[in-house]
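Residues per chain, in single letters:
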Amino acid sequence: MDKHQILKKYFGYDSFREGQEGIIDALIAGRDAFGIMPTGAGKSLCYQIPALIMEGITIVVSPLISLMKDQVGTLNQAGVHAAFFNSSLSHAQYKKALELAKSGRYKIIYVAPERLLLEEFTEFALQADISMVTVDEAHCVSQWGQDFRPSYLKITEFISLLPRRPVVSAFTATATNEVKEDILAALDLKQPEMITTGFDRKNLFYKVNANKDKFAEVMEYLTEHPTESGIIYCSTRKTVEEVCRKLQNRGIPATRYHAGLSDLERQKNQDDFLYDAAPVMVATNAFGMGIDKSNVRFVIHYNMPKNIESYYQEAGRAGRDGEEANCILLYAPQDVALNQFLIDQEVENEALTAEDMQFVKERDRERLKQMTFYCTTNECLRDFVLRYFGEYTSNYCGKCSNCLTEFVDIDVTAITQAILACVKSSGQRFGMTVITDTLRGSQSMKLKQNRMSENPCFGKLSDTPVFRIRQVMQFLQLEGYILVTDDQYPVVKLTEKSKEAFENTPIRMKAAKEKEHKKSSLGQDKKQKKDGITLLETDYPLFEKLRKLRMEIAKAEHVPPYIVFSDKSLKDMSAKKPKNKKEFLEVNGVGENKCEKYGEKFLTVILEE
Ligand code: ADP
Ligand code: MG
C-alpha cells in the first residue's frame, strides 16, 4: 500500500495537509526528518504512516501518559496494532506487553523516555527490528524550553545502543530558534528534512476582552454556547477553585485541575473532561500538555499568561479538529503585576549560575512585555502573534476582535505631550502609575510623599479617563516614544524619539470606537463560519442523535467520544447522509476499520431520519 491508500484505509482522509507529504516521503526514503508544525496540524500521521510502510517497528518517545493512551487508543480504533510502555502499567502488564512486542505484535510502540534505558526495554530493543525512532514533543529536550525533561537527553544514548541506526524523526509545535537549535543538537539528527509549516491556525478566532467583570463574561459565553466543551485557564490554584465553584453553583458542568489536587482526583477530573462528562475544564497551566481532545471549542484565559509562547500553546488546544473555535483572553492590568511578581519570585535554580538566572529573568520580563502588548494593541491580533514567531502576514485577518472592532483614529498629541512633560519634569524617576496619578491629580498619599502633587503637570489631564492615559502610554511605548525599564520597579524614560513629540508632530492612535454593549460580544457568531463544515439548521437534530449514539458507544468501550468519531466526522455524516457502507466510507475521518465496526449503527440512525 502507498501513503495515499494508508491515509484513506486507516484514517479515512482523502488528502494530506500542508507539510505532511514532505516528511513522510523523506522518512520512507530512509532520511531523518524534523517537523515544526502548529498544534492540530497533524504531526502524528507524519510518522504513523511511514511506520506502517517501513519493515520493522517504530518506537515513539512521548512525554506523557495521557498522550500515549490517546494516541494508542486512536490507532487501535483505526485497526493498527500499537501499544504503550509507561508507568501506568503494572509489572505483569508490562511483561505481557513486552512479550507481545517481542513476538512482533506491534508496529508502533509508544514509550516514556525514562524507560528507554531500563534493562528490560533495552533487552527487547536490541533483538527487535527497529526501523524508526520518533521523538514527539521534541522541545522537551531543550533546557530553555518550558517543558524540559532531562530524560529526553538520554534518547541519543538509546539510539547508539541499537545494532543499526534507525531513521530518526522529531516533531514539535514550538518554533523559537533557540529551541530548534537545541533539538537539532541534542538528538543528533543527520541532515534531516526540515519542514516548518505556517503558524497560523486559520480556524481560531482570537479575542481580547478587558471587561472588569471577568466572571460575567465567562457566564455570558457559556450561556450563549451551552453545548460546547472548552478550557478556562486561570493563573493560580485559588482562582481555579473559585471560578470552578461559582460555575458549578450556576449549574455549569465544570471540573478542575491543578497541581494541588491528588493524583487520583486529577486523573478523574481529566477523564471527566475527555469523556465529556464535565465538558468545561477550569485549570492552571498544569493542565494540557498532551491533551489531544479534538472537540475543544473554546479556550478562555481568565488571566493573562506570562508570555506569547504559553498563550499560543494553551489557546492552540482549541479546534484541533479544524472546526471553528474561540480563543478569548480576559485581560486586566493586575495580571501584569501578578506575572511581574512571579518572575521576581523565581528562585535560584541549582542548574543555573547567578548570571544565567539574571539572564532568564530579563528574558522573562521582555516576554511579559510582549504579552502585555498583545493585550493592549489595537492592531490585528493574529498578525501580532505570527510576527512574534517571525512570520509576516498582512495586518488584517478579519477574524480577531481587533479586526472586527470598529476603530477610529484619534489625535493624542495633547495627551502625549502632557505625559512626556510629566516624565521629564519629574526627572524620569517614576513608573506608569505615579505618572498617571499625577496627571489625573490624584490625592493619594504616595504623590504627596513624592512631592508629585507640586509637579507642574499635576492635574493636567484631570478630564481624561485613566484607561485612556494608560492606553496612550502603552501606545507610546510600542511606538518607541517612551521606554519602560526592566527593573524590579519599572520606570518611564524618554527616548530619542520623544523629541519629535515635543516638536508638535501630530500623533494619532487607533482606538476602539466607543459603542453600546452589543449582546453577543464574545466569540464569533455561528454564521461567520468560513472553512470547516457548516451544518444547515435542518441537519442539527440528526447531528444531536449521532452525538448520542457516539456517547453510548464511547461509554461501552471505555474510550473518549472523540476517539470513536470526531465532531467533524459527525457533522459530515449529518450533511452527507450516507445510505450504505460505500457512501459511509466517503465521510471525513471514516477508515475501513471504523466503517466495519460502527458503520451499521450509524447508518441505522441516519436512515431512520
Ligand atoms: P498535532 O500536530 O497537534 O500532533 P494531531 O496529529 O493530533 O496534531 O492531529 C490533529 C487532528 O488532525 C487529528 O484529529 C487528526 O486525525 C487530524 N488530521 C491529521 N491529518 C489529517 C489529514 N490529512 N486530513 C484530515 N485530518 C487530519
Ligand atoms: Mg501531537
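Model, not experiment: these values are computed from the prediction.

K.L.:
So what about the overall build of the chain? Which residues, and what values?
P.N.:
The helix and strand inventory of the chain stands at 26 helices and 17 strands. For 609 residues, the compact-globule formula gives about 25 Å, and the C-alpha radius of gyration of the chain, at 27 Å, lands near that figure. The principal-axis extent of the C-alpha atoms belonging to the chain is close to 85 × 60 × 45 Å. Scored against the burial criterion, the 609 residues of the chain give a buried share of 54%.

K.L.:
Which residues make up the side chain of serine 566, and what values do they have?
P.N.:
Tracing the backbone shows serine 566 in the loop between helix H23 (561-564) and helix H24 (567-576). You can call serine 566 buried: its relative accessible area is 16%. Those residues within four positions of serine 566 in sequence are excluded, and the remaining contacts are Ser294 and Arg550.

K.L.:
Tell me about the packing of aromatic side chains, residues and numbers included.
P.N.:
Scanning all chains against the criterion turns up 19 aromatic pairs. Measuring from centroid to centroid gives 5.0 Å for tyrosine 221 and phenylalanine 298, while their planes differ by 65°, and the two rings are edge-to-face. Note that tyrosine 221 is positioned in helix H9 (residues 214-224) and phenylalanine 298 in strand E12 (residues 296-301), a separation of 77 residues in sequence. One exposure class covers both tyrosine 221 and phenylalanine 298, and it is buried. Ring-pair connections join several aromatic residues into one group, and the members of that group are Phe85, Tyr94, Phe121, Phe124 and Phe158.

K.L.:
Let's hear about the site of ligand 1: which residues, and what values?
P.N.:
Looking at ligand 1, there are 15 residues lining it, with Tyr13, Gly40, Lys43, Ser44 and Arg320 nearest. One of the backbone N or O atoms of glycine 40 is found 2.6 Å from an oxygen atom in ligand 1. Residue alanine 41 places a main-chain N or O atom 3.4 Å away from an oxygen atom belonging to ligand 1. Taken by itself ligand 1 offers 570 Å² of open surface, and the protein chains cover 83% of this. The element best represented in the shell around ligand 1 is helix H3 (residues 43-53), accounting for three residues. Grouping the constituent residues of the shell around ligand 1 by class yields five nonpolar, six polar and four charged.

K.L.:
Residues and numbers for the pairing of strand E8 (residues 204-209), please.
P.N.:
Of all six residues in E8, six are buried, a share of seventy percent or more. Here E8 shows a buried face lined by Leu204, Tyr206 and Val208 and a second buried face lined by Phe205, Lys207 and Asn209. Relative to strand E13 (residues 325-330), E8 runs parallel, the two being bridged by six bridges. Paired with leucine 204 across the bridge in E13 is alanine 325.

K.L.:
Report on unusual backbone geometry, specifying residues and quantitative values.
P.N.:
Of note, aspartate 188 is a non-glycine position whose phi angle comes to about 55°, a positive value. We note that aspartate 276 has phi near 65°; this positive angle belongs to a residue other than glycine. Mapped onto the secondary structure, aspartate 276 falls in the loop between helix H11 (263-274) and strand E11 (280-283).

K.L.:
Explain the nonpolar core to me, using residue names and the numbers behind them.
P.N.:
Most often, soluble globular proteins keep nonpolar side chains buried together rather than apart. Counting 129 residues, the largest nonpolar core has Phe85, Phe121, Phe124, Tyr374 and Phe602 as the members making the most contacts within it. Among residues more than four places away in sequence, those in contact with phenylalanine 602 are Leu546, Leu549, Arg550, Ile553, Phe565, Leu570, Met573 and Phe584.

K.L.:
I'd like to hear about the packing of helix H12 (residues 308-315) against helix H15 (residues 381-388), residue by residue, with values.
P.N.:
What describes two packed helices is the angle between their axes and the distance between those same axes. At their nearest, the axes of H12 and H15 sit 11 Å apart, and the two run at 120° to each other. When the axes of H12 and H15 are compared, the pair comes out oblique. The two elements H12 and H15 meet at a crossing, and its hand is left-handed. Two secondary-structure elements touch here, H12 through Ile308, Glu309 and Tyr312 and H15 through Phe384, Val385 and Tyr388. Residue classes in the contact of H12 with H15 are distributed as five nonpolar, no polar and one charged.

K.L.:
Explain the sheet that holds strand E7 (residues 193-196) residue by residue, including any values.
P.N.:
The seven strands lie next to each other as E3-E4-E2-E5-E6-E1-E7, forming an open sheet whose pairing is parallel. Each end of this open sheet is capped by a strand with a single partner; those strands are strand E3 (82-85) and E7. Here the average twist between neighbouring strands, direction ignored, is 15°. For E3 and strand E4 (residues 108-111), the ladder comprises four bridges, and the chain directions are parallel. Directly across from alanine 83, in E4, lies its bridge partner isoleucine 109.

K.L.:
Account for the environment of serine 44, with residues named and values stated.
P.N.:
Tracing the backbone through its elements, the reader meets serine 44 in helix H3. Expressed as a C-alpha distance, the spacing of serine 44 and leucine 542, which sit 498 residues apart in the sequence, is 31 Å.

K.L.:
If you had to explain the pattern of salt bridges to someone new, which residues and values would you point to?
P.N.:
Evaluation of the coordinates by the stated rule reveals 39 salt bridges. A salt bridge links glutamate 592 to lysine 9, with the nearest nitrogen and oxygen atoms 3.1 Å apart. Placement of glutamate 592 in helix H26 (residues 592-608) and of lysine 9 in helix H1 (residues 3-11) is noted, with a sequence separation of 583 residues between them. The exposure class assigned to glutamate 592 is partly exposed, which follows from its relative accessible area of 39%. Its relative accessible area of 26% is what places lysine 9 among the partly exposed residues. Note that lysine 95 is salt-bridged to glutamate 120, the shortest N-O span being 3.4 Å. Of this pair, lysine 95 sits in helix H5 (residues 91-102) while glutamate 120 is found in helix H6 (residues 119-127), placing the two residues 25 residues apart along the sequence. Given the relative accessible area of 23%, glutamate 120 is considered partly exposed. A single network of salt bridges, built from pairs that share partners, joins Arg297, Asp321, Arg550 and Asp567.

K.L.:
Any chance you could break down the side chain of threonine 134 for me, citing the residues and the numbers?
P.N.:
Relative to the helices and strands, threonine 134 is located in strand E5 (residues 130-135). Using a relative accessible area of 0% as the deciding quantity, one classes threonine 134 as buried.

K.L.:
Would you mind going over the packing of helix H13 (residues 333-345) against helix H14 (residues 354-376) in detail, with residue names and values included?
P.N.:
One way to put it is that H13 packs onto H14 with a least axis distance of 10 Å and a crossing angle of 170°. With respect to their mutual orientation, H13 and H14 come out roughly antiparallel. Between H13, through Val336, Asn339, Gln340, Ile343 and Asp344, and H14, the contact on the second element is made entirely by Lys361, Asp364, Arg365, Leu368 and Thr372. Its residues placed into classes, the contact of H13 with H14 shows three nonpolar, three polar and four charged.

What counts, and at which threshold
Residues numbered from 1 in each chain as written. Chains lettered and ligands numbered in written order. Predicted model: local features only at pLDDT ≥ 70, side-chain atom pairs only at ≥ 80, totals over all residues. Heavy atoms only, no water. Helix = DSSP H or I, 4+ residues; strand = E, 2+ residues; numbered from the N terminus. Rg over C-alpha atoms; globule rule 2.2 N^0.38 Å. Buried < 20%, exposed > 50% of the residue type's maximum accessible area, 1.4 Å probe, protein only. Contact = heavy atoms within 4.5 Å. Phe/Tyr/Trp six-rings, centres within 6.5 Å; stacked < 30°, edge-to-face > 60°. Near = heavy atom within 4 Å. Polar contact = N/O pair within 3.5 Å; in protein donor to acceptor, adjacent residues only side chain to side chain. Areas by Shrake-Rupley, 256 points an atom, 1.4 Å probe, with all protein chains shown as cover. Nonpolar A, V, L, I, M, F, W, Y, C, P; charged D, E, K, R; others polar. Pairing = 2+ DSSP bridges. Core = buried A, V, L, I, M, F, W, Y, C linked by side-chain atoms within 4.5 Å. Axes fitted to C-alpha atoms, helices over the stretch in contact; angles between N-to-C directions. Parallel < 35°, antiparallel > 145°, perpendicular 65-115°, else oblique. Left-handed = near helix turned anticlockwise from the far one by under 90°. Salt bridge = Lys/Arg side-chain N within 4 Å of Asp/Glu carboxyl O.

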